[in-house]
Each structure stands twice: as structure tokens, then as C-alpha cells.
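A structural walkthrough
Here is what each chain is made of, one letter per residue.
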Amino acid sequence: MSTSSLSTSSDDELNSNRNPNPNTKPIDDELSLASITLTESNGNGSVNVNDQNACGQVEVDVEGPSSPTSSGYAGERGSSSEGTSNSRIDDDDEIREVINDDGFVDGVRDARAAPWMPGKRHVDEDDASISWRKRKKHFFILSHSGKPIYSRYGDEHKLAGFSATLQAIISFVENGGDRVKLVRAGNHQVVFLVKGPIYLVCISCTEEPYESLRGQLELLYGQMILILTKSVNRCFEKNPKFDMTPLLGGTDVVFSSLVHSFNWNPATFLHAYTCLPLAYATRQAAGAVLQDVADSGVLFALLMCKYKVVSLVGAQKASLHPDDMLLLSNFVMSSESFRTSESFSPICLPRYNPMAFLYAYVHYFDVDTYLMLLTTSSDAFYHLKDCRIRVETVLLKSNVLSEVQRSMLEGGMRVEDLPVDPLPRSYMSHRLSQHRLLTDSPERFRESTVGIGGPAGLWHFIYRSIYLDQYVSSEFSSPISSHQQQKRLYRAYQKLYSSMHDKGIGPHKTQFRRDENYALLCWVTQDFELYATFDPLADKALAIKICNRVCQWVKDVENEIFLQGASPFSW
Amino acid sequence: MPSRRRTLLKVIILGDSGVGKTSLMNQYVNKKFSNQYKATIGADFLTKEVQFEDRLFTLQIWDTAGQERFQSLGVAFYRGADCCVLVYDVNSMKSFDNLNNWREEFLIQASPSDPENFPFVVLGNKIDVDGGNSRVVSEKKARVWCNSKGNIPYFETSAKEGINVEEAFQCIAKNALKSGEEEEIYLPDTIDVGSSSQQRSTGCEC
């Protein structure tokens, strides 16, 4: 881990001046995309291909470098900067009228309200419905012949006309030897991703950067590959009218859960995974038994708690991409049937080998903790079952499962616990916090710290270790306690991430950005990326000092929060 | 994705400009007819749910523009069609003569796997005009041509009066469904770790 530190005299610092002249105003008609006209009466979309606008407004996202005083946000253009984020407390993908369905009322979490419900909603809608048109973020998957495969909202078959319109736009541009990547229409962005015979489209007015939306489409495609492999391409080669929907039957819930995770799971844009905090010895014990079964012909063995890794081990030379882990855990967690019994299912890891299936043995030890054993052999079920029994015995004997439960209850790093004074390492290395009360329920803890946050107005941070492909995110605490506030913060991080990684205007080392919601500080080195959120009134020099301390803190507890090279094959 | 299995059929409507493609579609989908001519620009898309032999399926109808300047759109529009409807005006010999061009153009652009047996349906439209007195293409002539192209089903229609429109589209749906019946077999491989597994260069520590 790096020992570099951030100084106030950094030259790369970007000012957070807002763009004073947004070049587009939000328009009234929410879905009047470029040249598409949606006929109100019958809801059929017609594409006006002879109109030169069809070409003229197809904007291949080439943005000029930002001026030195601009925010440096690639996706910022076209949004009215003043007040958008402030007034958008209902910054959900849903339209306002249905906010309450989600159980979130104006930025305040209503504990009694129903949580996010899995599965597709609003199936009765189609492109003629006003409510459908007002949804803030649509995702579509269709075939290259214009047949619908998936739509986030509405019934795919009723949207067949809309789907055909999308195909016509993509194919029309392709006919001219070009590719359509992005269409801006008022405050909507239409992002296209072509993957052979599969077309993916996102229509969004969430002001997320193009790169983020495109990344989300890539994940959506990856999720489809995880379920079916790329062999579906062969079906389209033989038969362009091939209808994929029957093959994906019952997987709505997997896609909608992934789309939901774009709002709350930083792994979706950081391309890194996160670990459940555990004592080094506990994780070692779990790793050892996983290594044991990996040596008996298992390709990958993963022990996870929800979306967090307890330990994972791969066979010699095999390594797992964080995106594959995200898609795999999403698939397992969103499919209710995995919870009810031990399962054996074909799955494909798109980053490992998109062409072929592996077989996953999945077993839940308790409601959150599950074991996944991946193999290439389709008749390995009983062997893997034996492996699982072995793993379970060891985990119980060494108290790993109870430690996992305890860690779940305790949560991870809290900004309130950031050590104020540098302490000797030996003192720090055993506990994430100096004064954690094990008996405290999360609720009581939250109550006791309302309005406090960390030192110098530190509200939250994410630390991503580039070397380990892992990140650690602090627990949310007041003042970022509501679902809406958390989602807004993730969106801000997402913007920060894509602006820091924008090859056109970057690379940058640091960025300090202040708006009416927070002061954000991002710091990228060869070894890590740090994203920190402060009170909007926080002092910059002090914030920088705090960031250095966060890095030191992370370093002090790295054995607990990261999966270190437990396996002998690692380095 | 629908939980209950439903089929989606892509239907392309082709023919010279002004023969009544859009009117036929509007009559079929919306039960409406307008005397005003409005040229289709590029293509219009309509969907209609149809029940056929206890199965529910959706027709995705691609109503294309007849003008020649739109024909460069070919491949994109024709790809993956389940049925192609050729329309002519019984009062215009030229529109009938052009059926051959439309059919061939479609087969070239869409390049279906079995062009001999690709389902076409031919519609002779506007039989209501002038009480049939201005008609120049006889039913016999049309049927001869259809038979010579592999027994293409033929209907005489009037979009204005709604004559034979429902019947024609029933036939279109039936034929499209038939051609969709031969399913592709989806058979993915399993990874062979020994030979070809792809590794990631910058790895995590597993």
C-alpha cells in the first residue's frame, strides 16, 4: 500500500465552478428523441429516416476538453446546473407519482414502508402510457431484427413497435458505415450498445455520465451472457428471426435486481469487489478450507455474505474478474430458488470465458451466507456436495459463520471512528474502531450519532485498492442516512469516477468539488483511489489532511477489510 | 420476459407507394380508414395481439415506405422477418408488375435461410374503387403469378371497406407462425480448462 500523501499545493486540483451556460434546457416532452416521433393515438413509433436530423442529431460522444474552470464532468453538459441536484430529492428512476411505492418519502427513510421489491413492475404499461414515458431510466434489450428481449418497464410484446424503432435507428446508422453511441434529446440521453446480434439501449434523464450508462449496459449484457453464454450468437447467425425470450424465461428478477444495484452497489462502477470485515485469522481459516476443496478439482470456491466476500480461492492460474463476481452474486441472490435448497446450475462467467458454461454448486449456510463452488464438470454435483459438507464442518468448528454474522451486525468502518491522532500500529490492528459496543444494534448506533459524521465534516469515503481489485466503503451514517441521499451520493461518486478516468480530459490525480450538497475529494494514485465526502462547508486543507488519515487508517486495518493473498498461488 | 410463452412475429409490408399499405395496416390494427393520402416516411411500426389456435402471439408490423428513395434501408428493415406481405393496387398495372422486384429485393436483402419456402402473402388492394370499373389487373392474372412463385396465398382487399383485411392478416399470421416453428437448437459448450480457458492478465489474488 502506498505511503504517498496528499498535499494542499496539488497542481491538478480542479475547481468546482459550475458551467454557467448549459446549452440545453429541459424539454417538456420527455421522450421526444431526436427524430423519433411517437404517435399519440396508437402508440406506434415511427422513425423518420429521411429527415436529416436523424443523422444530424446522432451525436457520437466526442466532447471537447473542458475548460480549466469547468467541473471536468463529462456528463455535466446539458444539465441545468444550479439547483438540479438540490431540487431533485426524488432522484429516483421512478416518476414522482410512484415514489411512495418504493417506500421512500422525500429523502427520509420510512422504516415501516416496504423495501425494494424484486421483479418487474408496471408490466401493464407500454409506450403509449404517460407513466411509462415519464420513467427516468429505461433499459431495453432487443435482437438485431428488432424483436424485444427485455424491457425494464412495461410488457415486451406491447413494446414491439418501440423496439422496432430502436432497431431501425441503430441499423440506419450502421448502414452508413457508422455507429450510434449516444443521442441527446433535451435532458434525456439515449445510450446504445451493440453486441453482435444483441442491441442494448438505455434511455435516461438521470444526468449520469455517458460512460456510466454505457458501463451499466455492459453489465446488463454480461448478466445475459452469464445466463446463456455467447452461444446465442450462433442461433442468430443461423436464423436472424430467432426469438430469445423463451430462453430467458423467469429471469426478469435477475435483470431488475441488477438494474436496482446500479443505484446502491459501488461495485457496478468501481469494477472491484468488497469484503466483509473479519479478523485476519478468521478469513485465513475460511480461505484454507476453500483452498482445500479447490485442490480437489473445483475451479473457483467463493464464500460470500450478501454481496461481500468472506473468502475466495481459485484453481491454479484461474482468476476471477470483479464484474463476474458481481454478476454471479446478483444471479444467485436474486433467484429465490437458490435459497430453498442446494442447487447446481449452469452459469457462464463472461470475463472468464463468454463462450461456455461452468457449473455452479450453490448452498446457503444461513439467510445471508452462501457458498459457491464452480466446476467444469457437469456431473460433479455429489462431489461438490461432499466438498460443501467438509467446508461447512470446518466453518462451524472454527466459528467462521458466527463471526460472519457478528460482522454483519457490526458493520464496517465508520467515519466517526477515524482515529484523530496517529496511533501506534499495534494498537490499531485488532479493531476497526476504538470504541465499538458489540451489543449496540445499528439503530441505536445511528441514533447516538445523528448529525455528527466524522472529524472535519467527513461524511463518507470509498477506498479502492487497485492492486487487490477490492474496495472498502464506510458505513453510511447521518447526515447521509436516507436511501435517496445515499443514491445521490453514489451518483456523485459515479460522476467523479468517470471524470477521473476520462481519457479525453484526464488522467487526473486529484479533484476537489464543492456544491450545495457536499464537498467531494477524489485522489487517485498508482495504488489506490480514494473518494471522500465532506460537509459542503468543510475546510479544504483540513479535508485533505483527513484524507491522508483515512488512507493511513485503511492501511492499518487492511488485514481485516481486504482479502490478502491467502492463497499460495496468488503472487 | 413473459413468463408464459408467447411468440412475436415480424411482418414486413412492401409495395409501391400509394397502393395502400398503411391503410391496410390501419384498418387491421385500428379499424380506421382515411381517404387522405399521407406518405410514410421510412417506416411505421404497429403491434397487434392475435389469438390463433389457443396461442397468443404478437404481430410486429413493419409498414415501410414505398418510395424508391427509402430502399437503401433494406437489410436493416428486412432482417429476421417472419413473413413478407406484398401489396399492389388492382387499378395500377405498374404496381402489379413491380411485385416481382419487391419480392426479389426482399429475398436478396433479408437472405432467409430457405428462400424457396419463405412465407409471402400477396394482397390486391383497392377493389372498391369505382365499383371495380377502373380495375386493370384481373384476379386470374394475379393468381397465375402467385402460383408461379410457389403458391403464394392471394387476397383481394379493400382497406377502405374493410373487405378481406382481417382474413388476409389471419393468413399472414398463420404463415408467419408456420415459418417460425422450426426452432434453432441452442447448445452451449462447457469450458474445457485443459485447453482453452481464458485467463485474465491482471488478476485478483485468488
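The rules behind these values
- Residues numbered from 1 in each chain as written.
- Chains lettered and ligands numbered in written order.
- Predicted model: local features only at pLDDT ≥ 70, side-chain atom pairs only at ≥ 80, totals over all residues.
- Heavy atoms only, no water.
- Helix = DSSP H or I, 4+ residues; strand = E, 2+ residues; numbered from the N terminus.
- Contact = heavy atoms within 4.5 Å.
- Areas by Shrake-Rupley, 256 points an atom, 1.4 Å probe, with all protein chains shown as cover.
- Buried < 20%, exposed > 50% of the residue type's maximum accessible area, 1.4 Å probe, protein only.
- Pairing = 2+ DSSP bridges.
- Phe/Tyr/Trp six-rings, centres within 6.5 Å; stacked < 30°, edge-to-face > 60°.
- Core = buried A, V, L, I, M, F, W, Y, C linked by side-chain atoms within 4.5 Å.

With an unreviewed UniProt entry as reference, chain B is termed Ras-related protein Rab7, source organism Melia azedarach.

Looking at an unreviewed UniProt entry, chain A carries the name Vacuolar fusion protein MON1, with the source organism given as Melia azedarach.

The next point concerns the overall build of chain A. In terms of helices and strands, chain A carries 19 helices and 21 strands. Pairs at least 24 apart in sequence give 68% of the contacts found in chain A among residues at least 6 apart. Surface summary for chain A: the accessible area is close to 21,800 Å², and the carbon and sulfur share equals 52%.

Moving on to the pairing of strand β1 (residues 7–15) of chain B. All names here are of chain B. In terms of burial, β1 is largely enclosed, as nine of its nine residues are buried. Here β1 runs beside strand β3 (residues 55–64); their pairing, made up of seven bridges, is parallel. Bridge assignment links Val 11 to a residue of β3, and that residue is Ile 61. Bridge analysis of β1 against strand β4 (residues 83–89) gives five bridges, and the strand direction is parallel. Among the inter-strand pairings, Gly 15 is bridged to a residue of β4, identified as Val 87.

Below, the discussion takes up the packing of aromatic side chains. Counted under the stated rule, the structure contains 33 aromatic pairs over all chains. Taken together, a centroid distance of 6.5 Å and an interplanar angle of 35° make the contact between A:Tyr497 and A:Tyr531 tilted. Within this pair, whereas A:Tyr497 is found in helix α17 (residues 483–500), its partner A:Tyr531 is found in strand β21 (residues 528–534), the two being separated by 34 residues in sequence. A single burial state applies to A:Tyr497 and to A:Tyr531, both of which are buried. Arranged with centres 6.4 Å apart and planes meeting at 70°, the rings of B:Phe96 and B:Trp145 form a pair that is edge-to-face. Of this pair, B:Phe96 sits in helix α3 (residues 93–97) while B:Trp145 sits in helix α5 (residues 139–148), and the two are 49 residues apart along the sequence. For the pair B:Phe96 and B:Trp145, a shared accessibility class is recorded, and that class is buried.

Counting 89 residues, the largest nonpolar core has A:Met224, A:Met244 and A:Leu349 as its most contacted members. If you tally residues by element for this core, the top one is helix α6 (residues 210–228) of chain A, at eleven residues. In this structure, A:Ala168, B:Leu86, B:Ala110 and B:Trp145 belong to the second largest nonpolar core, which totals 30 residues.

Attention now moves to the sheet that holds strand β18 (residues 470–473) of chain A. Two strands in a sheet stick together by hydrogen bonds in their backbones, pointing the same way (parallel) or opposite ways (antiparallel). All names here are of chain A. What the six strands build is an open sheet, ordered β11-β18-β17-β21-β20-β19; its pairing is mixed. Where the open sheet ends on each side, the last strands, each with one partner, are β11 (273–274) and β19 (510–514). Direction of pairing for strand β20 (residues 519–524) relative to β21: antiparallel, over a ladder of six bridges. Within the sheet, the bridge partner assigned to Val 524 lies in β21 and is Glu 529.

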